[in-house]
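# Analysis of the macromolecular model
Spelled out, the chains give:
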Amino acid sequence: MTRRTLIRVAVIGTGFVGPHHVDAVRRGGYGQVVALGGAEPEQLAACAQALGIDRATTDVAGLIADPSIDVIHICTPNATHVSLATAAIESGKHVVVEKPLALDSASAWALVRLAHTERRHSMVSFTYRGYPMVQRARALVAEGQLGSIRLVHGRYLQDWLARASDYNWRVDTSIGGPSRAVADIGAHWFDAVEYVTGLRIEAVFADLATVIARRAKSDGSASTFAAANGGKMAQVSSEDVANLLVRFEGGALGACVVSQVSHGHHNDFSFELTGSLRSLAWQQERPETLWFASRDDALTLTRGPREGDDTGVPALPAGHPEGWGGALRDLFRPFYAAIASGEDPAQSAGRSAYPTLADGARAVEFVETALASAKTGSWARMPGRADASGDLGVASQPQPIHRS
Ligand code: SOE
C-alpha cells in the first residue's frame, strides 16, 4: 500500500475555537497539525503543550510564508481574519477561516475573489452544517417531504455574557466588529436555515439592544465561555440581544431571537420549519434527533447507525452521542478530501460540499443588513444575489425597504 503524504496543517489562534480545529483535523485524520500560531507567548506555549504540538510561534507572518505548510486555519479575533487569510492565500495556502469572515462585506468579497484567482480551496466554519441531523433535515426538505416552506423560526441563546463582569474581545467593536450577537451567533442561524431550506433570505427587520451598556473590561485575554478577570468599566455599543424578522424568496416568513445574555441557555440554537405538509425542528443541545410532525402524527427521527459516517473515519455509531466537536470534524471532511484529491477549486465552484468564502461573505451581508435595518427602523433588503457559483462582484450596500 502506498502511503499518501500527509497534508500539513497550521492553526493560528489559541482561544476557544483554535484547539477544537486542531482536534477536528486530528480526529478526522485529514492531516498533520505541524504548527500552532498565536499572539500571546504564554498562552501559546501552554496551548501547544496541552495539544502536543512541537512548533509554536508568535511569528505568524513567518508561519504563513512557510512553504512546507499546505493548509492554514484562521481562528483568531474577527478583525484579523481578512489580513491573515489574504496573506495565507497569497502564499499559496488553502484556508479555513472562522466566522465572521470579515467585518464588512467589501473585504469579504475581495477575499472571495482572491481565493478564486489563486485557485485555493477556502472555507468558513459554519459548524452547524456538520451535524448529521442537520444534513438529514436538508435532505428531507429537498425531497419535498415538508411541502413548500411557509415559516421558519428559531433562536440562538447563550448566557456566557449575561453579567456586567463578563468580558471578551468580542465586546470590543474594534476587534469584534460593530455587531456582536448577530455576527457571532445570529449568522450561524442565518447560514443554517438557508442551508437547510435551500431558500435565500431577501430582507431583514432587526430590533437590536445593548442591555448591558457598561462591562468590567478585563485585559481581553478572558476566553469565550470563561469568566472574565474583571477590570475598569467600559462602555459597550454592540448588541447583546436581537429580534430578527426575515423574509425568504418565494414569500416564506421567518423569525429568530438572538441573545448572549439569557441565563440558563448555554448554546441553545434551534430552528423549526413549517411546511405545507409537515413541520420539522432541530435543537443543537439535543442534536441526534429531529422532530418531524404533521397534524396527524409527530415522529422523533433519530440518527441512524452509520449516519454521517460514510468514509471510514471513526465516527461514533448511533447511541454514542456526537455533538459540536463531531460536527466541526465532519464539516472539514469534504474540504480536506478536495485538497487530497487535487481538485481544482475553479472547476468545482458552485458545487463545493463545504461552506465557501462566498457563503461567509453572504453571512457578513446579513449582519450588515440587520445593522442597516436597526438603524433606520425599517425593513432592509439583502444585497443582490451572490452565490457559491462565484458571483464575484462586490455586493451593493443593503437598501432599506418598507412594507405596509
Ligand atoms: C461564542 O459566542 C461562540 O463560540 C461562537 O463564536 C461560535 O461560533 C458558536 O458556535 C459558539 O459560540
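See the structure shown above.
Being a predicted model, the structure only gives us computed values, none of them experimental.

### Quick word on the overall build of the protein
- Looking only at helices and strands, one finds eleven helices and 18 strands in the protein.
- Put simply, the protein has 404 residues, and 53% of those count as buried.
- By sequence separation, contacts in the protein at least 24 residues apart represent 70% of the contacts at least 6 residues apart.
- As presented, the protein carries roughly 16,900 Å² of accessible surface, and 51% of it is formed by carbon and sulfur atoms.

### A closer look at helix 8 (residues 181-197)
- The terminal C-alpha atoms of helix 8 lie 23 Å apart, and with 17 residues this matches the ideal 24 Å at 1.5 Å per residue to within 8%.
- The axis of helix 8 is deflected most strongly, by about 35 degrees, at Ala187.
- With 17 of its 17 residues buried, helix 8 lies for the most part within the structure.
- Positive phi appears at Gly198, one or two residues downstream of helix 8, with a value of about 75 degrees.

### Some thoughts on the pattern of salt bridges
- One pass over the structure, following the stated rule, counts 16 salt bridges.
- Between Asp184 and Lys99 there is a salt bridge whose closest N-O contact spans 3.1 Å. With Asp184 in helix 8 and Lys99 in the loop between strand 5 (94-97) and helix 5 (105-118), this residue pair connects regions lying 85 residues apart in the sequence.
- Classification of Lys99 by relative accessible area gives buried; the value is 8%.
- Its salt-bridge partner being Asp330, residue Arg333 comes within 3.0 Å of it at the nearest N-O pair. A residue pair is termed a helical-turn pair when its members lie 3 or 4 positions apart in one helix, as Arg333 and Asp330 do in helix 9 (residues 324-340) at three residues. Take Arg333 and Asp330: they sit in the same class, and that class is buried.

### Here's the deal with the sheet that holds strand 6 (residues 122-124)
- Pairing is parallel in the open sheet, where six strands are placed in the order 3-2-1-4-5-6. Sheet topology places strand 3 (55-57) and strand 6 at the edges, where each strand pairs with a single neighbour. Sheet twist, expressed as the average angle between the axes of neighbouring strands with direction ignored, equals 20 degrees.
- Bridge count between strand 1 (residues 7-12) and strand 4 (residues 71-74): four bridges; the pairing is parallel. Among the inter-strand pairings, Ala10 is bridged to a residue of strand 4, identified as Ile72.
- With respect to the sheet, helix 4 (residues 81-90) is in contact with strand 4 and strand 5, its orientation differing from that of strand 5 by roughly 165 degrees.

### Description of the pairing of strand 13 (residues 268-275)
- Extensive coverage of strand 13 is indicated by the burial of six of its eight residues.
- Here strand 7 (residues 149-157) pairs with strand 13 via eight bridges, running antiparallel. Residue pairing across strands places Ile149 opposite Gly275, the latter belonging to strand 13.
- Note that strand 13 and strand 14 (residues 279-283) share five bridges and pair antiparallel. Across the sheet, residue Thr274 finds its bridge partner in strand 14, namely Ser279.
- Hairpin connection of strand 13 to strand 14: three residues between the antiparallel strands.

### A word on the site of the ligand
- Among the 15 residues in the neighbourhood of the ligand, the closest are listed as Lys99, Tyr128, Gln158, Asp184 and His188.
- Between the ligand and the protein, one listed contact pairs an oxygen atom with a side-chain N or O atom of Lys99 at 2.8 Å.
- A distance of 2.8 Å is found between an oxygen atom of the ligand and a side-chain nitrogen or oxygen belonging to Gln158.
- Among the elements that take part in the shell around the ligand, helix 8 stands out by supplying three residues, more than any other.

### Topic: the packing of aromatic side chains
- Enumeration over the complete set of coordinates arrives at 14 aromatic pairs.
- Centre to centre, the rings of Tyr128 and Tyr156 are 6.0 Å apart; their planes meet at 90 degrees, and the pair counts as edge-to-face. Of this pair, Tyr128 sits in the loop between strand 6 and helix 6 (132-142) while Tyr156 sits in strand 7, and the two are 28 residues apart along the sequence. This pair shows no difference in class: Tyr128 is buried, exactly as Tyr156 is.
- One aromatic cluster is present, formed by Tyr128, Tyr131, Tyr156, Phe269, Phe271 and Trp282 through successive ring pairs.
- Above the ring of Phe292, the side-chain terminus of Arg278 is found at 4.5 Å from the ring centroid.

### Details of unusual backbone geometry
- Cis peptide bonds are those with omega within 30 degrees of zero, and the linkage from Lys99 to Pro100 qualifies with -5 degrees.
- Mapped onto the elements, Pro100 comes out in the loop between strand 5 and helix 5.
- Despite not being glycine, Arg119 shows a phi value in the positive range, around 55 degrees.
- With respect to the element layout, Arg119 can be found in the loop between helix 5 and strand 6.

### Overview of the side chain of Ser125
- Within the secondary structure layout, Ser125 lies in the loop between strand 6 and helix 6.
- At 3.4 Å, the side chain of Ser125 and the side chain of Glu98 are in polar contact.
- Leaving out residues up to four positions away in the same chain, Ser125 has contacts with His21, Val96, Val97, Glu98, Lys99, His188, Leu328, Leu331 and Phe332.

So, how was this worked out
- Residues numbered from 1 in each chain as written.
- Predicted model: local features only at pLDDT ≥ 70, side-chain atom pairs only at ≥ 80, totals over all residues.
- Heavy atoms only, no water.
- Helix = DSSP H or I, 4+ residues; strand = E, 2+ residues; numbered from the N terminus.
- Buried < 20%, exposed > 50% of the residue type's maximum accessible area, 1.4 Å probe, protein only.
- Contact = heavy atoms within 4.5 Å.
- Areas by Shrake-Rupley, 256 points an atom, 1.4 Å probe, with all protein chains shown as cover.
- Expected span 1.5 Å × (residues − 1).
- Bend = angle between axes of the 7 residues up to and from the residue.
- Salt bridge = Lys/Arg side-chain N within 4 Å of Asp/Glu carboxyl O.
- Pairing = 2+ DSSP bridges.
- Axes fitted to C-alpha atoms, helices over the stretch in contact; angles between N-to-C directions.
- Near = heavy atom within 4 Å.
- Polar contact = N/O pair within 3.5 Å; in protein donor to acceptor, adjacent residues only side chain to side chain.
- Phe/Tyr/Trp six-rings, centres within 6.5 Å; stacked < 30°, edge-to-face > 60°.
- Lys NZ or Arg CZ within 6 Å of the ring centre and 35° of its normal.

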